[in-house]
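These are the residues of each chain, in order.
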Amino acid sequence: MTKEINTIAVCGLSWGDEGKGKVTDYLAQQSDIVVRYNGGNNAGHTIEANGIKYKFKLIPSGAVLEKEVVIGNGCVINPKVLLEEINNLNKLNKKVDLKLSSTAHVIFPFHIALDGLEEASKGEYSAGTTKRGIGPTYSDKAGRWGIRIFDLIHPEFLKPKLEKLFQIKKNLIKTYDPNWDMDLESIFQDYKTYGERLKAYVTDTAYYLNKAIDSGKKVVFEGAQGNLLCIDHGMYPFGTSSNPNALGISAGTGIPPKKIGKIVGIIKAYTSRVGEGKFPTELFNDIAEKIREQGHEYGTVTGRPRRVGWLDLFNIKYGIMINGIDKIIITLLDALHGITPIKMCIGYELNGQILESWPIQHEIIEKCKPIYKEFEGWEKKSSEEWSEIANQGYDSLPNAMKIYLQAIKEELKTDIAIISIGPNRNDTIVLDEDLF
């Protein structure tokens, strides 16, 4: 008999980097399993706990707490990176209880080479990718000639498929770079070894997860990147190659929609993004630099500075609709301290007309002007002071911050479940004790 569904999805509502790693780690304290359902090692999740900073690219954030972690079929896997992350956790005496989908697709060196060459040729349509081979691997998946984890752990299947795929990719790469070459046999030997080392983790994760959920286990679904980078419902082509939002959970795990319980959306107190594409509320002044430094806005994977701007509630409303958000979580409020006034975008204007909904086409967004509300800021405090405020709860927040939070809630017509005012697990104020 199926028990009550105890699952929760954590989805970013902007361009990623909203703090999903910290929130997932926080929710993982009450969970049995944490699942990653999309993306590859182009996504970075940073967690600070007990004085240690963890930076993950593939491993789900529950690994810090030594929870069961699952990498679903919707992900693309660089096996070298995954093994490095497992090794790093082992060095910290962390037990890695990993289940890796046998049907997740594998990234090869020629995918990485092709990613960089294609990006360079796109000109103004360049997405600003991390050049980790993510897009070309998803392209092969859609083209039905990709290589999966099941092949990786069976050399007899891997070799003929790799030989065919390598020749196809070699011919393609040489149209960009006639001098390119790579040794097929060395790739095979490396990946054969990777497969041997990963074999113990590989399973039918769709069956495993459905059985676990049916037995009543608590599961957190962790998205990578954010809603506005979605291949289908983001700012195409300036996004990623997968579905980072709640719509990607079922396809990326094999869990039917009716088994997805609550869906929470994470937003920052401001907006940031990496990569190319129009960013209507972007700042280019001293305030931008201040937010970037106070919010530590540098990519987990690449280290590149993120673009920053005022909070854009207009595109977040779109994300709430697409994801079916139950409640929101707001992070990095402390990164705005010492800045006044603070602006909040509540809509877009196009040719003198106020738009009803976020225009998904970048050609339209480029012509839009944000409509702002202004708010008084809150005074600068030390990280220790913010931690103390978090321990004391919502009532101890600066009054100006409460007014800002209330405005967000009213504008989005969505309740706030959690507030984060620092990077550590305990720098968290929970407003909904029954969230999970």
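That block above? That's the structure.
Small disclaimer: the values here were computed from a predicted structure and weren't measured. Per chain, residue numbering runs from 1 following the sequence as it is written. Totals for whole chains, interfaces and linings use all residues, but because this is a predicted model, local features are given only for residues with pLDDT of at least 70 and pairs of side-chain atoms are given and counted only at 80 or more. Excluding hydrogens and water, the side-chain values take into account all heavy atoms of the structure.

**Topic: the overall build of the chain**
Stage number 1. A tally of regular secondary structure across the chain gives 14 helices and 20 strands.
Stage number 2. In this treatment the radius of gyration is a C-alpha quantity, and the globule benchmark scales as 2.2 Å times the residue count to the 0.38 power. In terms of overall size, the chain behaves like a compact globule, its C-alpha atoms giving a radius of gyration of 22 Å where 436 residues would be expected to give roughly 22 Å.
Stage number 3. With respect to the principal axes defined by its C-alpha atoms, the chain has extents near 65 × 50 × 40 Å.
Stage number 4. Any residue under 20% of the maximum accessible area for its type is buried, any over 50% is exposed, and the rest in between are partly exposed; the area is computed with a 1.4 Å probe on protein chains only. Per-residue burial over the chain gives 56% buried out of 436 residues.
Stage number 5. Look at the contacts in the chain between residues 6 or more apart in sequence, and 76% of them connect residues 24 or more apart.
Stage number 6. A 1.4 Å probe and the Shrake-Rupley method give the accessible areas. Residues count as covered only by the protein chains that appear here. Accessible area of the chain: about 18300 Å², with a carbon and sulfur share of 48%.
Stage number 7. Think of it this way: Lys and Arg go in the positive column, Asp and Glu in the negative one, and His and the chain ends go nowhere. To locate a charge, take atom NZ for lysine, CZ for arginine, CG for aspartate or CD for glutamate. Across the chain, 54 positive and 56 negative side-chain charges occur, with their mean positions spaced 4 Å apart. The numbering of helices and of strands both runs from the N terminus, where a helix is a DSSP run of H or I of at least 4 residues and a strand a run of E of at least 2. The criterion used for residue contact is that any of the two residues' heavy atoms lie within 4.5 Å.

**So, the pairing of strand S2 (residues 33-36)**
Stage number 1. With burial as the criterion, each face of S2 is covered, one bearing Ile33 and Val35 and the other bearing Val34 and Arg36.
Stage number 2. In the sheet, S2 pairs with strand S5 (residues 68-71) via 4 bridges, with the strands oriented parallel. Paired with Arg36 across the strands is Ile71, a residue of S5.
Stage number 3. As paired strands, S2 and strand S10 (residues 219-226) are joined by 4 bridges and run parallel to one another. In the sheet register, Val35 faces S10, and the bridge partner there is Phe221. A pair of strands is considered paired only if DSSP assigns at least 2 bridges between the two.

**What about the pattern of salt bridges?**
When their charged atoms lie close together, side chains carrying opposite charge are able to pair.
Stage number 1. Criterion for a salt bridge: a side-chain nitrogen of Lys or Arg within 4 Å of a carboxyl oxygen of Asp or Glu. Counting across every chain of the model gives 20 salt bridges.
Stage number 2. Of the charged contacts in the structure, one is a salt bridge between Asp140 and Lys169, with a shortest N-O distance of 2.6 Å. Within this pair, whereas Asp140 is found in helix H4 (residues 134-143), its partner Lys169 is found in helix H6 (residues 155-176), the two being separated by 29 residues in sequence.
Stage number 3. On the basis of relative accessible area, Asp140 is assigned to the buried category, the value being 2%.
Stage number 4. Taking the relative accessible area as the measure of exposure, Lys169 reaches 4% and is therefore buried.
Stage number 5. Close ionic contact of Lys381 with Glu379 constitutes a salt bridge, the shortest N to O distance being 3.0 Å.

**A few points about the sheet that holds strand S9 (residues 202-203)**
Stage number 1. If you walk across this open sheet you meet the 10 strands as S9-S7-S5-S2-S10-S1-S11-S15-S19-S20, and the pairing is mixed. Where the open sheet ends on each side, the last strands, each with one partner, are S9 and strand S20 (428-430).
Stage number 2. When strand S1 (residues 7-12) meets S10, the two strands line up parallel, connected through 5 bridges. Opposite Ala9, over in S10, you have Phe221 as the bridge partner.

**Here's the deal with the packing of aromatic side chains**
Stage number 1. Each Phe, Tyr or Trp ring, with Trp reduced to its six-membered ring, pairs with another whose centre is within 6.5 Å; inter-plane angles below 30 degrees give stacked pairs, above 60 give edge-to-face pairs, and intermediate values give tilted ones. All told, the structure shown has 12 aromatic pairs when counted by the stated rule.
Stage number 2. A ring pair is formed by Phe375 and Tyr404, whose centres lie 5.6 Å apart and whose planes are at 85°; its orientation type is edge-to-face. Remark: Tyr404 occurs in helix H14 (residues 399-412) and Phe375 occurs in strand S18 (residues 369-375); sequence separation between them is 29 residues.
Stage number 3. Judged by relative accessible area, Tyr404 falls into the buried class, the value being 0%.

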